[in-house]
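Observations on the model geometry
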Amino acid sequence: MKIGYIGLGKMGKGMVARLLENDHEVIATDPQAEARTEMEALGAKTAESATVLVSTMDTPRTIWVMVPHQVVDKVLDEIVPLLDVGDTVIDGGNSPYKESVRRGVMLEGKGLRFMDIGVSGGPSGARNGACMMAGGKKDVYDESESGLSALCVPEGYGYMGKTGSGHFVKMVHNGIEYGMMQAIGEGFAIMKKKEEFEIDLTKVAGVYSHGSVITSSLVSWLENAYKEEGEDLDAISGEVSHSGEGLWTVEAAKELGVDAQIIEKSLAFREASQGNPSYTGQVVSALRNQFGGHEVKK
């Protein structure tokens, strides 16, 4: 495939590198010249802007947009007038699913094809193999599958359904993530509080990560955090930020009449943690840093 790639942040760089390694041709752009230079060194062609990128590609084009959800419409405003009927636009960011439905209708009305793809795995996954959830027309997904295969771990991608479903499934994924991280944070806070046992939390995380029922990437990342930061997590903030997906999941649950107490309480914890730090919050923050590269230092 030949792919135009807009957005070379902490996710975009790794994804472009994987595409190049799998013999896909990439032309990429980002406002930061250093990011473009870094991708050129790996073999990508680059363009100074999204409009230049589109103008230099032959039709039919496939354009992957990997920018914050607040910026997607700005990018579309720039590139849509330059696109031709039959071109494909992929939004791989964490966009609200209702916005993806709206954008799909708008683009299809112009003869363009659209896919919303939720991407999980953080910067490490972007570079070493991600997990992806795709929404849109099935024939568009089928044509894009070689690119998805290159970007993902084996069996780590799939077609979720019509436009909006990819970002909807990714939104719910992030809501579940909130609850899992909260449970891990609370559990390790309980063990830390039981001082008479002098429990080695790093050892616990390591044992939990090998054959236990709760073996998971999250528990393994906590073990890494303890090794890097120490079990007191002194440098890590106990105030936990959130980037929106948990809130969107709670709102969707309410709209659908589904009880989602765990996710809702996990979100409430993060909101209440502002000005009220705790060890549970430090564990959750440490996990956010491990998989997402979020800044969580005090």
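Throughout what follows, the structure given in this document is the object of discussion. (Residues numbered from 1 in each chain as written. Predicted model: local features only at pLDDT ≥ 70, side-chain atom pairs only at ≥ 80, totals over all residues. Heavy atoms only, no water.)

1. Looking at the side chain of glutamine 182
Here glutamine 182 lies in helix α8 (residues 165-193). Looking at glutamine 182, the relative accessible area reads 7%, which means it is buried. Every residue in contact with glutamine 182, bar those within four places of it in the chain, is listed here: Ser266, Phe269, Thr280 and Val284. (Helix = DSSP H or I, 4+ residues; strand = E, 2+ residues; numbered from the N terminus. Buried < 20%, exposed > 50% of the residue type's maximum accessible area, 1.4 Å probe, protein only. Contact = heavy atoms within 4.5 Å.)

2. Comments concerning the sheet that holds strand β7 (residues 130-136)
Strand order in the open sheet formed by eight strands is β3-β2-β1-β4-β5-β6-β7-β8, and the pairing between neighbours is mixed. Each edge of the sheet is formed by a strand with only one pairing partner; in this case those strands are β3 (45-46) and β8 (152-161). With five bridges joining them, strand β1 (residues 2-6) and strand β2 (residues 25-29) adopt parallel strand pairing. Note on β2: the bridge partner recorded for glycine 4 is isoleucine 27. Seen against the sheet, α8 touches β5 (88-91), β6 (113-120), β7 and β8 and runs at an angle of roughly 15° to β6. (Pairing = 2+ DSSP bridges. Axes fitted to C-alpha atoms, helices over the stretch in contact; angles between N-to-C directions.)

3. Here's the deal with helix α10 (residues 217-229)
Along its 13 residues, α10 runs 18 Å from first to last C-alpha, staying within 8% of the 18 Å computed at 1.5 Å per residue. Those residues of α10 that sit buried are Leu218, Val219, Leu222, Glu223, Ala225 and Tyr226. End-on, the buried residues of α10 take up no more than an arc of 160°, which puts them together on one face. Residues of α10 that are exposed and point over 90 degrees away from its buried face: Lys227 and Glu228. On its buried face, α10 is in contact with α8, α9 (201-208) and α13 (279-292). Directly after α10, the chain includes glycine 230, whose backbone phi takes a positive value near 85°. (Expected span 1.5 Å × (residues − 1). Arc of directions from axis to C-beta.)

4. Here we look at the packing of α8 against α10
The interhelical angle for the contact between α8 and α10, taken along N-to-C directions, is 50°, at an axis separation of 11 Å. Of the possible angle classes, the one that applies to α8 and α10 is oblique. Remark: the crossing between α8 and α10 carries right-handed chirality. On α10, the residues that touch Met180, Met181, Ile184 and Phe188 of α8 are Leu218, Val219, Leu222 and Tyr226. Its residues assigned to classes, the contact of α8 with α10 shows eight nonpolar, no polar and no charged. (Parallel < 35°, antiparallel > 145°, perpendicular 65-115°, else oblique. Left-handed = near helix turned anticlockwise from the far one by under 90°. Nonpolar A, V, L, I, M, F, W, Y, C, P; charged D, E, K, R; others polar.)

5. Quick look at the nonpolar core
One finds Tyr5, Met15, Val16, Trp64, Ile117, Val119 and Met132 to be the most contacted residues of the largest nonpolar core, which totals 29 residues. Among the elements that make up this core, the one with the highest residue count is helix α7 (residues 138-151) (five residues). Look past the residues within four positions of valine 119 in its chain and what remains in contact with it is Met11, Trp64, Met66, Gly92, Ala130, Cys131, Met132 and Lys170. The next biggest cluster of nonpolar side chains, apart from the first, holds 23 residues, and it includes Met191, Ile236, Leu287 and Phe291. (Core = buried A, V, L, I, M, F, W, Y, C linked by side-chain atoms within 4.5 Å.)

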